[in-house]
Amino acid sequence: MYISIVANVINVIGNCVGVFLLHLGAAGVAYPSLISQIMSAVAVTVFCFNKKNPVRYKAADIFSWDGMLLKKIMGIALPNGVENGVHQLVKVALSSMVALFGTYQIAANGVAQSIWSLASIMGLAMSPVYTTVIGQCMGAKDIDSANFYFKKLNKITLVLSILWNILIFAITPLIVQYSAISPEAKSLVIWLVLINNIFNGLAYPFAGSLGNGLRAAGDVKFTMIISITLTIAARLLFSALFGLWLNWGVIGVAIGMSIDLVFRGAIFIWRYKSQKWTKFNVV
């Protein structure tokens, strides 16, 4: 945690120096970001070799080979990697789509994206909790405890997510007030945040956090297939349908992204209730 905080502080200071003092423009942001990431990676690696840690790296084990263990690890890592790669590609496609709209819509989308990132913090914060708790239960082959904590975490995450998204929407007018965009764009930001926060608060706890719990249980192939399919068939296609073909602009893109969350959340709830995730052997 401290390494991350220091790296972020260095990044912010470097950005200010590069942009405002050295007048490097975009490069003034890129170089400090690269340097802070390298410093963070080196610091984390050194920390992982620390002998005081109960779990640590050992130089002798880095190039050792355990075929069965590697197969299990790759069986979890590769689907996640493919899923994230497709998500990033579709994200680029949506950005290109938004670039086709008017200037005020592009500006409104940029501000709304920043607020969306803030609104998603609660769901993102709960995802590692699912991974840790459900992973430990399934690692111990304690399915009853896994079911108990799934239910408990689902309730906690849903309540916290709804409250957090309500709070973010409540302060959105204040954020928009100090944004250097046109009045028309400010009004559009409010609508974009409203659409996102409704679905983010109600659907993301299941589309995101619950999905992480299923992955922790070893159900990675199913979640990968569903995520990739919906990212393309729902997020991308519905965004194109509403945004381009029906000419709803960025509102249509926001609706398309929200439909993806609803479908994904509904399927993951069904998968959880089916108990098929209990049939997998985790590492």
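Further up the page is the structure itself.
Everything numeric in this text was worked out from a predicted model, so none of it was measured.

About the thresholds
- Residues numbered from 1 in each chain as written.
- Predicted model: local features only at pLDDT ≥ 70, side-chain atom pairs only at ≥ 80, totals over all residues.
- Heavy atoms only, no water.
- Core = buried A, V, L, I, M, F, W, Y, C linked by side-chain atoms within 4.5 Å.
- Buried < 20%, exposed > 50% of the residue type's maximum accessible area, 1.4 Å probe, protein only.
- Helix = DSSP H or I, 4+ residues; strand = E, 2+ residues; numbered from the N terminus.
- Contact = heavy atoms within 4.5 Å.
- Expected span 1.5 Å × (residues − 1).
- Polar contact = N/O pair within 3.5 Å; in protein donor to acceptor, adjacent residues only side chain to side chain.
- Axes fitted to C-alpha atoms, helices over the stretch in contact; angles between N-to-C directions.
- Parallel < 35°, antiparallel > 145°, perpendicular 65-115°, else oblique.
- Left-handed = near helix turned anticlockwise from the far one by under 90°.
- Nonpolar A, V, L, I, M, F, W, Y, C, P; charged D, E, K, R; others polar.
- Phe/Tyr/Trp six-rings, centres within 6.5 Å; stacked < 30°, edge-to-face > 60°.
- Lys NZ or Arg CZ within 6 Å of the ring centre and 35° of its normal.

Colleague: Before we go on, may I ask you to explain the nonpolar core in this structure?
Modeller: Side chains of a nonpolar character, in soluble globular proteins, are inclined to be buried together. Formed by 28 residues in total, the largest nonpolar core has its most connected members in Trp116, Val189, Leu192 and Val253. Those elements that place two or more of their residues in this core are helix H4 (67-98), helix H5 (103-119), helix H7 (143-177), helix H8 (183-216), helix H9 (220-245) and helix H10 (250-274). Look past the residues within four positions of Val253 in its chain and what remains in contact with it is Leu94, Met97, Val98, Phe101, Ser239 and Gly243. Counting residues in hydrophobic clusters, the runner-up holds 20 residues, among them Cys137, Leu214, Ala234 and Tyr272.

Colleague: Is there a simple way to think about unusual backbone geometry in this case?
Modeller: Across residues other than glycine, the phi torsion is negative in most instances, and most of the peptide bonds are trans. Phi is positive for Asn247, close to 60 degrees, though the residue is something other than glycine. Residue position: Asn247 is located in the loop between H9 and H10. Judged by relative accessible area, Asn247 falls into the exposed class, the value being 63%. Here Gln275, not a glycine, exhibits a phi torsion of approximately 65 degrees, which is positive. If you trace the backbone, Gln275 turns up in the segment after H10.

Colleague: Can you help me understand H5 in this one?
Modeller: Residue pairs three or four apart in sequence face the same way in an α-helix, which turns once every 3.6 residues. Between its first and last C-alpha atoms H5 spans 24 Å; for 17 residues at 1.5 Å apiece the expected length is 24 Å, and the two agree. Looking at H5, one finds that the buried residues are Gln105, Ala108, Asn109, Val111, Ala112, Ile115, Trp116 and Ala119.

Colleague: I tried to follow the side chain of Asp260 on my own but got confused; where do I start?
Modeller: Considering the arrangement of structural elements, one finds Asp260 in helix H10. Of the residues examined, Asp260 reaches a relative accessible area of 0% and is grouped as buried. At a separation of 2.9 Å, a polar atom in the side chain of Asp260 contacts the side chain of Arg264. The residues contacting Asp260, other than those within four sequence positions of it, are Leu230, Thr231, Ala234 and Arg235.

Colleague: Is there a simple way to think about the packing of H9 against H10 in this case?
Modeller: Helix-helix packing: each pair is described by the crossing angle between the helix axes and the interaxial distance. The interhelical angle for the contact between H9 and H10, taken along N-to-C directions, is 155 degrees, at an axis separation of 7 Å. In this view, H9 runs roughly antiparallel relative to H10, as classed from their interaxial angle. Here the hand of the crossing between H9 and H10 comes out right-handed. Here the residues of the contact of H9 with H10 sort into 15 nonpolar, 7 polar and 4 charged.

Colleague: Would you take a moment to explain the packing of aromatic side chains for this structure?
Modeller: Each pair of aromatic rings is reported with the distance of its centres and the angle of its planes. According to the stated counting rule, one finds 9 aromatic pairs in the structure shown. Ring geometry for Tyr130 and Phe150: centres 6.2 Å apart, planes at 55 degrees, overall tilted. Note that Tyr130 is positioned in helix H6 (residues 121-139) and Phe150 in helix H7, a separation of 20 residues in sequence. Summarising the burial analysis for this pair, Tyr130 and Phe150 share the class buried. Among the aromatic residues, those joined into a cluster by ring pairs are Tyr130, Phe150, Tyr272 and Trp277. Across from the ring centre of Phe222, 3.9 Å away, lies the NZ or CZ of Arg271, which sits over that ring.

Colleague: How do you make sense of the side chain of Arg235 when you look at a structure like this?
Modeller: Tracing the sequence through the fold places Arg235 in helix H9. Overall, the relative accessible area of 10% leaves Arg235 in the buried class. Once residues within four sequence positions are removed from consideration, Arg235 is found in contact with His87, Val90, Leu94, Leu230, Gly256, Met257, Asp260 and Leu261.

Colleague: Whenever I open this one, the packing of H5 against H8 confuses me. Can you help?
Modeller: H8 packs onto H5 with a crossing angle of 35 degrees between their chain directions and a minimal axis gap of 8 Å. Taken as a pair, H5 and H8 cross one another with a handedness that is right-handed. Across the interface between the two elements, Tyr104, Gln105, Ala108, Asn109, Val111, Ala112, Ile115, Trp116 and Ala119 of H5 pack against Glu184, Ala185, Leu188, Val189, Leu192, Val193, Asn196, Asn197 and Asn200 of H8. Of the residues contributing to the contact of H5 with H8, the split by class is 12 nonpolar, 5 polar and 1 charged.

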